[in-house]
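# A look at the structure
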Amino acid sequence: VTVERLELVRVSLPLVTPFRTSFGVQHERDALLVHVRAREAQGWGECVTPAAPVYSEEYTGGAAHVLEHQLVPRLLAPGRTLRAEDVGLRLAGVRGHRMARAALESALLDAQLRAAGRSLAVHLGATRDRVAAGVSVGIPDGGIPELLEQVEGYLDAGYVRVKAKVARGSDVAPMQALRTRFGARLRLQVDANAGYDPDTPADVAALDALDELGLLQIEQPFAPDRLLAHAAHAARWRTPVCLDESITDAARAVEALALRACRIVNVKPGRVGGPFETVRIHDACRDRGIPVWCGGMLETGIGRALNVAVAAMPGFELPGDTSASDRYFREDLTDPFVLVDGHLAVPTTPGIGREPRDEVLATATRLPLAG
Ligand SMILES: CC(=O)N[C@@H](Cc1ccc2ccccc2c1)C(=O)O
Ligand SMILES: [Mg+2]
């Protein structure tokens, strides 16, 4: 497509319930979107960074800065007519900033596919027209009683599996309470968001105790770079280790698998640099018989639309965190994703199949990057 105007759009959406993880608590989603106006069509992408560098090194202010001062100028230097497939090449000289890149690449791909009248799901070779939805449950302020209440509500809503956040001091007891309340049949996994230290005996003891609870996975117990530590403990545990923050791109995924650091991968298009790196990770895991699932970063409907199309790809055989819009927002930025029989419908219209609603955009701040 030929880019005529490129803007950053920043909008904050309140969360329906506070979302606490081992790295902090969120009360709203401060979203950063890339809006591409090309001659042929418009496109939208979402940068999944948190407001602070607590999940990875990236954060929204830094992403906005690197997009404005580094990524967009490089992208448009050779000329404004380009394909989404060229973004990786044009940004090849830049290290990291994968969440910022992902927003740019997916916005361009959205515009390109809209211009071609082709849905993202078809473009990605999706094989499903609806995807099973799991749910990620934070550490509630109200402790175990509130956790049981929240999980009950999500199971009633139809979510097919529950992922519970764990952290030092909030791990074995709440998970045992879920087992006691919902029985061995509850499809339950945990996500530590890198909150434990492999060299702290008490931390390892807590994880060893979680390993006794028949969980589907233990996600990212240790820091993202500690692949050997994950491998050492994965070998001791019955419960498969899933990595999220560690898996920054396909090359890292291949190394993590070769080191046996994990047996499952949480793939997030917004984390790994965009749809094309996502396909590379999907293919690398599939070639090695490693199941993947699509994680979430509290995206608005823009990022959620990308995730749902990705979750419909063949290798995404495990339910992910692509929950319905109302899990996070009373009013989504786009038409909502609604849970039906525990599944979300994959958009079939051109591009990502969602765009921001004008009334919510009215509250947004715009930063022109190229025009
Ligand atoms: C659904 C889920 O658990 N997501 C992340 C954690 C997470 C939590 C809170 C966030 C807030 C702002 C941006 C990104 C965030 C990511 C995860 O899988 O590890
Ligand atoms: Mg995670």
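Residues numbered from 1 in each chain as written. Chains lettered and ligands numbered in written order. Predicted model: local features only at pLDDT ≥ 70, side-chain atom pairs only at ≥ 80, totals over all residues. Heavy atoms only, no water.

## Notes on the overall build of the chain
Put simply, the test is: Helix numbering and strand numbering both begin at the N terminus, where a helix is a DSSP run of H or I of at least 4 residues and a strand a DSSP run of E of at least 2. What the globule rule says is 2.2 Å times the number of residues to the power 0.38, and the radius of gyration is computed from C-alpha atoms. Exposed residues in this analysis have more than 50% of their type's maximum accessible area, buried residues have under 20%, and partly exposed residues fall in between, with area computed by a 1.4 Å probe over protein chains only. By definition, residues are in contact when any of their heavy atoms lie within 4.5 Å. Working definition of accessibility: Shrake-Rupley area with a 1.4 Å probe, residue cover restricted to the visible protein chains. Think of it this way: Lys and Arg go in the positive column, Asp and Glu in the negative one, and His and the chain ends go nowhere. Where a charge lies is defined by one atom per residue type: Lys uses NZ, Arg uses CZ, Asp uses CG and Glu uses CD.
When helices and strands are counted, the chain shows 13 helices and 13 strands. Computed over its C-alpha atoms, the radius of gyration of the chain comes to 20 Å, within 12% of the 21 Å expected for a compact globule of 371 residues. In terms of overall dimensions, the chain has C-alpha extents of about 60 × 40 × 35 Å along its principal axes. Looking at the chain residue by residue over its 371 residues, the buried ones come to 59%. For the chain, contacts bridging at least 24 residues in sequence account for 73% of all contacts bridging at least 6. By element, 51% of the accessible surface of the chain is carried by carbon and sulfur atoms, the whole surface being about 14,500 Å². Measuring between centres, the 42 positive side-chain charges of the chain sit 3 Å from its 47 negative side-chain charges.

## Structural notes on the coordination of the magnesium ion (ligand 2)
Formally: Water is not among the atoms examined, so metal sites may look incomplete; donors are the N, O and S atoms within 2.8 Å of the metal, or within 3.2 Å for Na, K and Ca.
Distances from the magnesium ion (ligand 2) to its protein donors, Asp191 (OD), Glu219 (OE) and Asp244 (OD), fall at 2.1 to 2.2 Å. The sequence pattern describing where the donors of the magnesium ion (ligand 2) fall on their chain is D-x27-E-x24-D. With a gap of 28 residues between them, Asp191 in strand 7 (residues 188-191) and Glu219 in strand 8 (residues 218-219) connect regions that are remote in the sequence. The residues Asp191 and Glu219 share a single accessibility class, namely buried.

## As for the side chain of Asp332
Spelled out, the test is: Basic side-chain nitrogens of Lys or Arg form a salt bridge, by our definition, when they fall within 4 Å of a carboxyl oxygen of Asp or Glu. Under this definition, polar contacts are N or O atom pairs within 3.5 Å; protein pairs additionally need one hydrogen-donor-capable and one acceptor-capable atom, and for neighbouring residues in sequence, both atoms have to be side-chain atoms.
Its place among the elements puts Asp332 in the loop between helix 12 (301-311) and strand 12 (343-345). It is Arg304 that comes nearest to the buried, bridge-free Asp332 among opposite-charge side chains, at 4.8 Å. Within the structure, Asp332 has its side chain in polar contact with the side chain of Ser325 (distance 2.6 Å). Apart from the residues lying within four places of it in its own chain, the contact partners of Asp332 are Leu13, Thr300, Gly301, Ser325, Arg357 and Val360.

## Details of the packing of aromatic side chains
Rules: We call Phe, Tyr and Trp rings a pair once their centres come within 6.5 Å, taking the six-membered ring for Trp, and we label the pair stacked below 30 degrees between planes, edge-to-face above 60, and tilted otherwise. Any Lys NZ or Arg CZ found within 6 Å of a ring centre and within 35 degrees of that ring's normal is scored as a charge over the ring.
Tallied over the entire structure, the rule returns five aromatic pairs. Ring centres of Tyr154 and Tyr159 lie 5.9 Å apart, and the angle between their planes is 80 degrees; this geometry places the pair in the edge-to-face category. Across this residue pair, the class does not change: Tyr154 and Tyr159 are buried. By way of ring pairs, the aromatic residues Phe19, Tyr328 and Phe329 are connected into one cluster. Of note, Arg161 hangs over the ring of Trp293, and the distance from its end group to the ring centre comes to 4.9 Å. Lying over the aromatic face of Phe337, Arg354 brings its terminal NZ or CZ to 3.9 Å of the ring centre.

## Observations concerning the sheet that holds strand 6 (residues 162-165)
What holds strands together in a sheet is hydrogen bonding between their backbones, with the strands either parallel or antiparallel. The condition that has to hold: Any two strands are treated as partners once DSSP identifies two or more bridges connecting them.
Pairing in this open sheet of seven strands is parallel, and the strands run 5-6-7-8-9-10-11 from one edge to the other. Strand pairing shows two members of the sheet lacking a second neighbour, strand 5 (135-137) and strand 11 (292-294), which therefore form its edges. Relative to strand 6, strand 5 runs parallel, the two being bridged by three bridges. What sits directly across from Val137, in strand 6, is Ala164.

## Overview of helix 7 (residues 201-210)
Residue pairs spaced three or four apart in an α-helix point in one direction, given the helix's 3.6 residues per turn. Convention followed: Taken from the helix axis, the directions to the C-beta atoms give the arc we talk about.
Looking only at helix 7, the buried set comprises Asp203, Val204, Ala206, Leu207 and Leu210. For helix 7, the angular spread of the buried residues around the axis is 155 degrees, confining them to a single face. The exposed residues of helix 7 that point more than 90 degrees off its buried face are Pro201 and Ala202. Tucked into the core, helix 7 has its buried residues touching helix 6 (172-182), strand 7, strand 8 and helix 8 (227-236).

## Details of the site of ligand 1
Put simply, the rule reads: Only heavy atoms are used to decide nearness, and a residue is near a molecule or strand if one of them lies within 4 Å of it. Two kinds of site are reported from a 1 Å grid over the protein atoms alone, namely cavities, where a 1.4 Å probe fits but cannot get out, and pockets, open sets with protein on both sides within 12 Å along at least five of seven lines, and residues are called lining when an atom falls within 4 Å of a point. Just a note on the criterion: a molecule sits in a pocket or cavity if more than half of its atoms are within 2 Å of the grid points. We call Asp, Glu, Lys and Arg charged. Ala, Val, Leu, Ile, Met, Phe, Trp, Tyr, Cys and Pro are nonpolar, and the rest, Gly among them, are polar.
Lining the immediate environment of ligand 1, one finds 21 residues, of which Ser136, Lys163, Lys165, Asn193 and Gly296 sit closest. Taking Ser136, its side chain carries an N or O atom lying 2.9 Å from an oxygen atom of ligand 1. Coverage of ligand 1 by the protein amounts to 100% of the 440 Å² it exposes when considered alone. Spatially, ligand 1 is embedded in the largest cavity. Going through the elements one at a time, strand 1 (3-21), strand 2 (24-38) and strand 6 are the ones with two or more residues in the shell around ligand 1. Partitioning the shell around ligand 1 into residue classes produces eight nonpolar, six polar and seven charged.

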